[in-house]
Amino acid sequence: MADLNVNIGELHMKNPVMTASGTFGYGEEFADFIDISRIGGIIVKGTTLHKREGNPYPRMAETPSGMLNAVGLQNKGVHHFVEHIYPRIKNIKTNMIVNVSGSAIEDYMETAAIINELVNIPAIELNISCPNVKQGGMAFGVTAKGAEEVVKAVRSVYKKTLIVKLSPNVTDITEIARAAENGGADSVSLINTLLGMAVDAERRRPILSTVTGGMSGAAVKPIALRMVWQVAKAVKIPVIGLGGIMNWKDAVEFMLAGASAIQIGTANFIDPAITVKVAEGIDDYLNRHGYKSVKEIIGALEV
Ligand SMILES: Cc1cc2nc3c(=O)[nH]c(=O)nc-3n(C[C@H](O)[C@H](O)[C@H](O)COP(=O)(O)O)c2cc1C
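- Looking at an unreviewed UniProt entry, one finds the protein named Dihydroorotate dehydrogenase, with Bacteroides clarus YIT 12056 as its source organism.
- The record held by UniProt for the protein lists under Pathway (unreviewed entry) the comment "Pyrimidine metabolism; UMP biosynthesis via de novo pathway."

Digging into the site of the ligand
Logical step 1: The environment of the ligand is made up of 22 residues, and the closest members are Ser 21, Lys 165, Gly 217, Gly 244 and Thr 266.
Logical step 2: Gly 217 is positioned such that a nitrogen or oxygen atom in its backbone is 2.8 Å from an oxygen atom of the ligand.
Logical step 3: Contact with the protein chains removes 95% of the 610 Å² of surface that the ligand exposes when unbound.
Logical step 4: For the shell around the ligand, the class distribution of residues is six nonpolar, 15 polar and one charged.

Focus: the environment of Gly 244
Logical step 1: Examined against the element boundaries, Gly 244 turns out to sit in the loop between β15 (239–241) and α6 (248–256).
Logical step 2: Residue Gly 244 is classed as buried on the basis of its relative accessible area of 10%.
Logical step 3: Sequence-wise, Gly 244 and Ala 219 are 25 residues apart; in three dimensions their C-alpha atoms are separated by 6.4 Å.
Logical step 4: Not counting residues within four places of it along the chain, the set of residues in contact with Gly 244 comprises Gly 217, Ala 218, Val 220, Lys 221 and Asp 250.

With respect to the nonpolar core
Logical step 1: In this structure, Phe 81, Ile 124, Leu 126, Val 164, Leu 190 and Ile 262 are the most contacted members of the largest nonpolar core, which totals 93 residues.
Logical step 2: For this core, the leading source of residues is helix α8 (residues 274–288), giving seven residues.
Logical step 3: Judged by nonpolar contacts, the second largest core, of five residues, contains Ala 61, Leu 68, Ala 198 and Leu 208.

Topic: the sheet that holds strand β5 (residues 60–63)
Logical step 1: Spatial ordering of the open sheet is given by β5-β6-β14-β11, a layout of four strands whose pairing is antiparallel. In this open sheet, the two edge strands, each paired with only one partner strand, are β5 and β11 (194–197). Between one strand and the next, the sheet's axes are offset by a mean angle of 40 degrees, whatever the strand orientation.
Logical step 2: Examined bridge by bridge, β5 and strand β6 (residues 66–69) share four bridges and lie antiparallel to one another. Its bridge partner lying in β6, Glu 62 is registered against Met 67.

Comments concerning the UniProt feature "active site" (unreviewed entry) in the protein
Logical step 1: Mapped onto the present numbering, the UniProt feature "active site" (unreviewed entry) falls on Cys 130.
Logical step 2: With respect to the helices, strands and loops of the structure, Cys 130 is situated in the loop between β8 (123–127) and α3 (144–155).
Logical step 3: What makes Cys 130 buried here is its relative accessible area of 5%.
Logical step 4: Among residues more than four places away in sequence, those in contact with Cys 130 are Leu 73, Ser 101, Gly 102, Tyr 108, Met 138, Ala 139 and Phe 140.

A short note on unusual backbone geometry
Logical step 1: For the bond from Tyr 57 to Pro 58, the omega torsion is -10 degrees, close enough to zero to count as cis.
Logical step 2: Within the fold, Pro 58 resides in the loop between β4 (41–47) and β5.
Logical step 3: Cis geometry marks the peptide bond from Leu 190 to Ile 191; its omega dihedral reads 15 degrees.
Logical step 4: Here Ile 191 is to be found in the loop between β10 (187–190) and β11.
Logical step 5: Phi angles above zero are rare outside glycine, and Ser 65 is one such case at about 55 degrees.
Logical step 6: Take Ser 65: it is sitting in the loop between β5 and β6.
Logical step 7: By relative accessible area, Ser 65 is classed as exposed at 53%.
Logical step 8: A positive phi angle is found at Leu 73, which is not glycine, with a value near 55 degrees.
Logical step 9: Along the polypeptide, Leu 73 turns up in the loop between β6 and α1 (78–89).

Description of the sheet that holds β15
Logical step 1: In space, the eight strands of this closed barrel follow the order β3-β4-β7-β8-β9-β10-β15-β16, with parallel pairing throughout. If you compare each strand with its neighbour and ignore which way they point, the axes differ by 30 degrees on average.
Logical step 2: Bridge analysis of strand β7 (residues 95–100) against β8 gives four bridges, and the strand direction is parallel. Counterpart to Val 100 in the pairing with β8 is Leu 126.

Analysis parameters
Residues numbered from 1 in each chain as written. Predicted model: local features only at pLDDT ≥ 70, side-chain atom pairs only at ≥ 80, totals over all residues. Heavy atoms only, no water. UniProt positions renumbered as here; feature names shortened; annotations may be inferred. Near = heavy atom within 4 Å. Polar contact = N/O pair within 3.5 Å; in protein donor to acceptor, adjacent residues only side chain to side chain. Areas by Shrake-Rupley, 256 points an atom, 1.4 Å probe, with all protein chains shown as cover. Nonpolar A, V, L, I, M, F, W, Y, C, P; charged D, E, K, R; others polar. Helix = DSSP H or I, 4+ residues; strand = E, 2+ residues; numbered from the N terminus. Buried < 20%, exposed > 50% of the residue type's maximum accessible area, 1.4 Å probe, protein only. Contact = heavy atoms within 4.5 Å. Core = buried A, V, L, I, M, F, W, Y, C linked by side-chain atoms within 4.5 Å. Pairing = 2+ DSSP bridges. Axes fitted to C-alpha atoms, helices over the stretch in contact; angles between N-to-C directions.

This is the structure we're talking about:
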């Protein structure tokens with residue numbers, strides 16, 4: 001067996017496979033299918049300061065080789081998480097990471113500060129794709145200034161590993177990645193969903209209640225891979241790659257392009273055991289190619 005250990009900031013992971021926020025619940029839901037302690041890290045659902053109902057239905061649509069979602073960060077808020085969910089998940093033997101969202105800098109800060117106190121949560125992933133309600137609804141993550149500002153603010157209250165999740169809906173993702181690094185991020189993860197749309201021609205209506213939604217799944221992989229490759233060259237902090245990873249081969253491709261770890265999202269809906277299979281597939285690839293450690297393939301792409 002090859003050494004699959006990787007580090008993201010102070011976060012130590014037994015393998016580079018993580019689950020993507022919003023696609024793996026709080027992990028427990030998958031315990032009937034796999035031994036979830038075999039996953040390197042589980043990123044739980046998007047958590048906000050206050051409870052959010054999410055968007056009206058329909059909020060999912062299937063697309064060729066992918067899907068659109070407009071779930072809208074439905075969750076019961078950080079206080080509910082602390083009181084009811086954390087006690088249930090805190091002893092799961094993997095890194096339980098909370099994805100933090102908000103619509104004002106103060107919300108992000110308060111949520112992060114509360115999670116900072118939870119001993120068994122070693123990291124947060126900051127979702128900066130949410131609309132900044134105070135500044136006209138434009139997402140924090142689509143301007144370098146907005147991204148740096150929110151990351152800096154959270155960094156001032158959050159003392160553990162801070163991962164910042166980047167939106168692909170920008171002209172130059174490397175600029176946003178550098179802004180996150182300047183703001184004090186320990187790592188960046190990318191990509192979040194791509195903005196898309198689906199139409200029902202018979203009814204002459206959009207399929208999603210919100211008209212547009214976030215696209216994910218196999219179809220987005222080439223875009224995600226390209227962005228990971230660009231960002232890995234642009235920043236010094238470790239990059240976590242995701243977007244359309246459906247099998248171990250996709251995961252290896254992201255690592256060769258520069259990702260230190262990967263996340264699996266939509267593929268969990270197709271095969272609830274995919275994470276463990278990907279970890280095994282990476283190990284097998286390393287053994288076949290004579291690598292002793294997975295770290296040897298990070299950014300090993302020959303261009
Ligand atoms: C149903 C659904 C819910 C999601 N919820 C969140 C979320 O709460 N926070 C977040 O940062 N990303 C969320 N995402 C985005 C995923 O974490 C991931 O970035 C995206 O789906 C691309 O990866 P994939 O192609 O492997 O699914 C969600 C995606 C889906 C499909």
